[in-house]
Amino acid sequence: MKLYGDYHTHTIYSHGSGSIRDNVEAALKKGLKEIAICDHGPGHYLYGVKKKNIPIMREEIDRLNEEYSKRDIKILLGVEANLTGFDGNIDMDDELIKQTDILLLGYHYGVVPEGLKNGLGLYIMNPITKFLPIGRKTALELNTMAFVKAINNYSIDFVTHPGSKAKVDIRTLAREAGKVGTALEINSKHSQLSVESIEIAMKEDVEFIINSDAHTPEDVGNIEKAIKRAKDAGLPMDRIRNLII
Ligand SMILES: [Zn+2]
Ligand SMILES: [Zn+2]
């Protein structure tokens, strides 16, 4: 069993510590065939990628792909987009999406929402329900609906760390993700998908993907924790998109 590609790594374009080249070199050392550079979506007010940097990253990656073409590694440009509203909107527009090779979707605190209703619901209610049970069920239903709408609105390759920070109905998300070909991520840096969530999701016809979510070059390709959770849940390894069995 071998990791073919790590499709979730961060660089200095958001809040990672390495350059694109650093991550590529790290991926080569790990024997990966593909690596995706997926910095945080531009809607995050602390560490989102600057919109103006996306074409710059595109050029840099095109150049590096030429340079590394003989070394048997392919570099992809992606973004870990953020949900910005219950209508399933994200912080990437068509012009930006066009420049990417893959598109990830996640939920993170600190995103500028679309209007007051979305702000209160997505970005104020979710952090509160972490500590208080009030509104937990409503939050879960609304979060799930927002994710389902987003994966239908956009061509999302996979949902990053589902259930992290914003709780979701994992079975519904897995079922709907399966219908549109969006995979669910087993993230090595975050504890989602959890063993319990994998057990629920695997009952649906959905694919999984396993990634490091590296924020340092040293972490690129490190997926041990995620592999352990997948194994503990009894997930057949051939349901994980980026493993060579
Ligand atoms: Zn994330
Ligand atoms: Zn990430």
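Relevant structure appears above.
Residues numbered from 1 in each chain as written. Chains lettered and ligands numbered in written order. Predicted model: local features only at pLDDT ≥ 70, side-chain atom pairs only at ≥ 80, totals over all residues. Heavy atoms only, no water.

## Regarding the coordination of the zinc ion (ligand 1)
Okay, so step 1: Here the zinc ion (ligand 1) is held by E80 (OE), H108 (NE2) and H161 (NE2), and the distances to it run 2.1 to 2.2 Å.
Okay, so step 2: In this structure, the zinc ion (ligand 1) lies 3.2 Å from the zinc ion (ligand 2), and both are coordinated by E80. Note that E80 is positioned in strand β4 (residues 74–82) and H161 in the loop between β6 (158–159) and α6 (170–180), a separation of 81 residues in sequence. One exposure class covers both E80 and H161, and it is buried. (Donors = N, O, S within 2.8 Å, 3.2 Å for Na, K, Ca; no water. Helix = DSSP H or I, 4+ residues; strand = E, 2+ residues; numbered from the N terminus. Buried < 20%, exposed > 50% of the residue type's maximum accessible area, 1.4 Å probe, protein only.)

## Description of the pattern of salt bridges
If the charged atoms of two oppositely charged side chains come close together, the side chains can form a pair.
Okay, so step 1: Counted under the stated rule, the structure contains 11 salt bridges.
Okay, so step 2: A salt bridge links E176 to K179; the shortest N-O distance between them is 3.1 Å. Here K179 and E176 lie together in helix α6, a separation of 3 residues that amounts to about one turn.
Okay, so step 3: Given a relative accessible area of 61%, K179 falls into the exposed group.
Okay, so step 4: Across the pair R241 and E207 runs a salt bridge whose closest N-O atoms are separated by 2.6 Å. Remark: E207 occurs in the loop between α7 (195–201) and β8 (208–211) and R241 occurs in the loop between α8 (224–232) and β9 (243–244); sequence separation between them is 34 residues.
Okay, so step 5: Exposure remark for R241: the relative accessible area of 35% places this residue in the partly exposed category.
Okay, so step 6: Each of R58, D62 and D101 takes part in salt bridges that share partners, so that together they form one network. (Salt bridge = Lys/Arg side-chain N within 4 Å of Asp/Glu carboxyl O.)

## Re the environment of Y45
Okay, so step 1: Residue position: Y45 is located in the loop between β3 (34–40) and α2 (53–67).
Okay, so step 2: Between the C-alpha atoms of Y45 and V112, which are 67 residues apart in sequence, the distance is 6.5 Å.
Okay, so step 3: Ignoring anything within four residues of it in the chain, the contact list for Y45 reads G110, V111 and V112. (Contact = heavy atoms within 4.5 Å.)

## Side note on the coordination of the zinc ion (ligand 2)
Okay, so step 1: The zinc ion (ligand 2) binds to the protein through H8 (NE2), H10 (NE2), E80 (OE) and D213 (OD); the donor distances cover 2.1 to 2.3 Å.
Okay, so step 2: Around the zinc ion (ligand 2), the 4 donor atoms sit at angles spanning 79 to 166°, and that spread fits a shape best called irregular. (Tetrahedral: all angles 85-135°; square planar, octahedral: opposite > 155°, others 65-115°.)

## Side note on helix α4 (residues 115–131)
Structurally, the α-helix is built with 3.6 residues per turn, so residues lying three or four positions apart point the same way.
Okay, so step 1: Under the 1.5 Å per step criterion, the end-to-end length of α4 is 24 Å for 17 residues, consistent within 8% with the ideal 24 Å.
Okay, so step 2: Along α4, the largest kink reaches about 40° and is centred on M125; proline P127 follows within four residues of it.
Okay, so step 3: Listing the buried residues of α4 in full gives N118, G119, G121, L122, Y123, N126 and T129.
Okay, so step 4: For α4, the secondary structure elements touched by its buried residues are α5 (136–153). (Expected span 1.5 Å × (residues − 1). Bend = angle between axes of the 7 residues up to and from the residue.)

## Some words on a positive patch on the surface
Okay, so step 1: Positive charge collects at one region of the surface, where K130, K165, K167 and K189 lie side by side.
Okay, so step 2: In this fold, K165 is placed in the loop between β6 and α6.
Okay, so step 3: A relative accessible area of 34% places K165 in the partly exposed class. (Patch = residues over 30% accessible without salt bridge, like charges linked within 9 Å, V, L, I, M, F, W, Y side chains within 5 Å. Areas by Shrake-Rupley, 256 points an atom, 1.4 Å probe, with all protein chains shown as cover. Lys, Arg positive; Asp, Glu negative; His and termini not counted. Charge placed at Lys NZ, Arg CZ, Asp CG, Glu CD.)

## Quick notes on the nonpolar core
Okay, so step 1: Of all hydrophobic cores here, the largest spans 65 residues; its most connected members are L184, I186, F208 and I210.
Okay, so step 2: Setting aside residues up to four positions removed in sequence, I186 forms contacts with Q192, L193, I198, F208, I209, I210, N211, A226, R229, A230 and L235.
Okay, so step 3: One finds C38, I102, F158 and I209 within the second-largest nonpolar core, a separate group that totals 9 residues. (Core = buried A, V, L, I, M, F, W, Y, C linked by side-chain atoms within 4.5 Å.)

## A word on the side chain of E60
Okay, so step 1: By secondary structure assignment, the location of E60 is in helix α2.
Okay, so step 2: No salt bridge is formed by the buried E60, whose closest oppositely charged neighbour, R63, lies at an N-O distance of 5.1 Å.
Okay, so step 3: Apart from residues no more than four positions distant in its own chain, E60 is found in contact with Y13 and I20.

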